[in-house]
Amino acid sequence: MGLLTHLSLLVTDLDHTLVGDDRSLAQLNHLLDRYRQTYGTKIVYATGRSKTSYQELAIAKSLLTPDALIVSVGTEIYLNAATENEPAWVDRLIANWHRDRIVAIASRFADLEPQPPAEQRPFKVSYYLSASVAAAVVPQLQELLLQQDLNAEIIYSGSRDLDILPSGGDKGQAVQFLRDRWQIDPLETVVCGDSGNDISLFKYGKERGIIVGNAQSELRLWYELHPVNYHYLAVAECAGGILEGLKYFRFVE
Ligand code: GLC
Ligand code: MG
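Residues numbered from 1 in each chain as written. Chains lettered and ligands numbered in written order. Predicted model: local features only at pLDDT ≥ 70, side-chain atom pairs only at ≥ 80, totals over all residues. Heavy atoms only, no water.

## Concerning the sheet that holds strand E2 (residues 42-46)
Backbone-to-backbone hydrogen bonds join strands into a sheet, with any given pair of strands oriented parallel or antiparallel.
Part 1: Across the sheet, which stays open at both edges, the seven strands sit in the order E4-E3-E2-E1-E9-E10-E11 with mixed pairing between neighbours. The open sheet has two edge strands, strand E4 (76-79) and strand E11 (231-233), and neither has a second partner. Strand-to-strand twist of the sheet, defined as the mean angle between neighbouring strand axes without regard to direction, takes the value 15°. (Pairing = 2+ DSSP bridges. Helix = DSSP H or I, 4+ residues; strand = E, 2+ residues; numbered from the N terminus. Axes fitted to C-alpha atoms, helices over the stretch in contact; angles between N-to-C directions.)

Laid out in structure tokens, this is it:
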């Protein structure tokens, strides 16, 4: 039995990562609550949902109150109980972000079906795109945005959702921003996810990464193409996979 590693920060996606298996969620919540009180562990949710849609889920699933909330695929950060997107974060996203021009370009693609208005955010434009045409449409859209010199990142998740965000405004960059702010070591940080919009959580630093057993093909493929010993693909699903990964990295017994 070796020593445990200190867990300073746990970042997790919500749908199909933290949430999806109620029994394991209750077990993990119990552990995280204890870790927060005993070791000061910070908890951050990083979700594709809007803040309003997050709040509905938080009530329905009795989620622990996080120390910071990253919503709308990384483009909004709410520290503690702030009601405003973190101003220093907004400053970073706003440069060369021309939402109207991006919407105009995307409207040329008949296959891109806009998501409901509640999911359209100041720094996030979202569509549905069928998997059968995604491989053709995404590079064309990317090319057009590049030609127009627009600062944008395209993220395709779950073989269904296509988000356009300011580049550098994804979940992974939002986590780097918070780690800097809180001065937290990546080796004491865990990031957890299941789908395409979580890839950025794993790709910038050396945070310990847990990919839950039910992960979508786009994240599994990325994991296979980027093998490193600080990422772990769990067998168990959702919160059960997070618990498994925390044990694997020896953050818990
Ligand atoms: C969430 C959001 C949606 C987004 C998707 C993938 O489901 O509600 O707008 O496209 O995540 O990032
Ligand atoms: Mg998810």
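## A few points about the coordination of the magnesium ion (ligand 2)
Part 1: Here the magnesium ion (ligand 2) is held by Asp13 (OD), Asp15 (O) and Asp194 (OD), and the distances to it run 2.1 to 2.3 Å.
Part 2: Site description for the magnesium ion (ligand 2): donor spacing in sequence, D-x1-D-x178-D. Remark: aspartate 194 occurs in the loop between strand E9 (189-193) and helix H7 (199-203) and aspartate 15 occurs in the loop between strand E1 (9-12) and helix H1 (22-39); sequence separation between them is 179 residues.
Part 3: Overall, aspartate 15 belongs to the partly exposed group, its relative accessible area being 24%.
Part 4: Relative accessible area serves as the criterion here: at 2%, aspartate 194 is assigned to the buried category. (Donors = N, O, S within 2.8 Å, 3.2 Å for Na, K, Ca; no water. Buried < 20%, exposed > 50% of the residue type's maximum accessible area, 1.4 Å probe, protein only.)

## Here we look at the site of ligand 1
Part 1: As a structural note, the neighbourhood of ligand 1 is formed by Gly48, Arg49, Val73, Gln115, Glu119, Lys124, Ser126, Ser157, Asp161, Asp163 and Asn197.
Part 2: A distance of 2.5 Å separates an oxygen atom of ligand 1 from a polar side-chain atom of aspartate 163.
Part 3: Side-chain polar atom of asparagine 197 to an oxygen atom of ligand 1: 2.7 Å apart, as the coordinates give it.
Part 4: Expressed as a share of its isolated accessible area of 310 Å², the protein-covered part of ligand 1 is 83%.
Part 5: Residue composition of the shell around ligand 1, grouped by class: one nonpolar, five polar and five charged. (Near = heavy atom within 4 Å. Polar contact = N/O pair within 3.5 Å; in protein donor to acceptor, adjacent residues only side chain to side chain. Areas by Shrake-Rupley, 256 points an atom, 1.4 Å probe, with all protein chains shown as cover. Nonpolar A, V, L, I, M, F, W, Y, C, P; charged D, E, K, R; others polar.)

## Thoughts on unusual backbone geometry
Part 1: Residue aspartate 149 is not a glycine yet carries a positive backbone phi of 60°.
Part 2: Within the secondary structure layout, aspartate 149 lies in the loop between helix H5 (131-147) and strand E7 (153-157).
Part 3: On the basis of relative accessibility, which here comes to 60%, the residue aspartate 149 falls in the exposed class.
Part 4: Of note in this structure, arginine 250 is not a glycine but carries a positive phi near 60°.
Part 5: Note on placement: arginine 250 falls in the segment after helix H9 (238-248).

## Examining the pairing of E4
Part 1: By the alternation rule, side chains of E4 split into Glu76 and Tyr78 and Ile77 and Leu79, which are all buried.
Part 2: Looking at chain direction, strand E3 (residues 68-71) and E4 are connected through four bridges and run antiparallel. Note on E4: the bridge partner recorded for isoleucine 70 is isoleucine 77.
Part 3: As consecutive antiparallel partners, E3 and E4 are separated by four residues, and within that stretch serine 72 has a phi angle of approximately 50°, a positive value.

## Some points on H1
Part 1: Along its 18 residues, H1 runs 25 Å from first to last C-alpha, staying within 8% of the 26 Å computed at 1.5 Å per residue.
Part 2: Along H1, the residues that are buried comprise Ser24, Leu25, Leu28, Asn29, Leu31, Leu32 and Tyr35.
Part 3: If you check the start of H1, you find a side-chain oxygen 3.2 Å away from the backbone N of arginine 23, and it comes from aspartate 21.
Part 4: Once H1 ends, the next one or two residues include glycine 40, with phi positive near 70°. (Expected span 1.5 Å × (residues − 1).)

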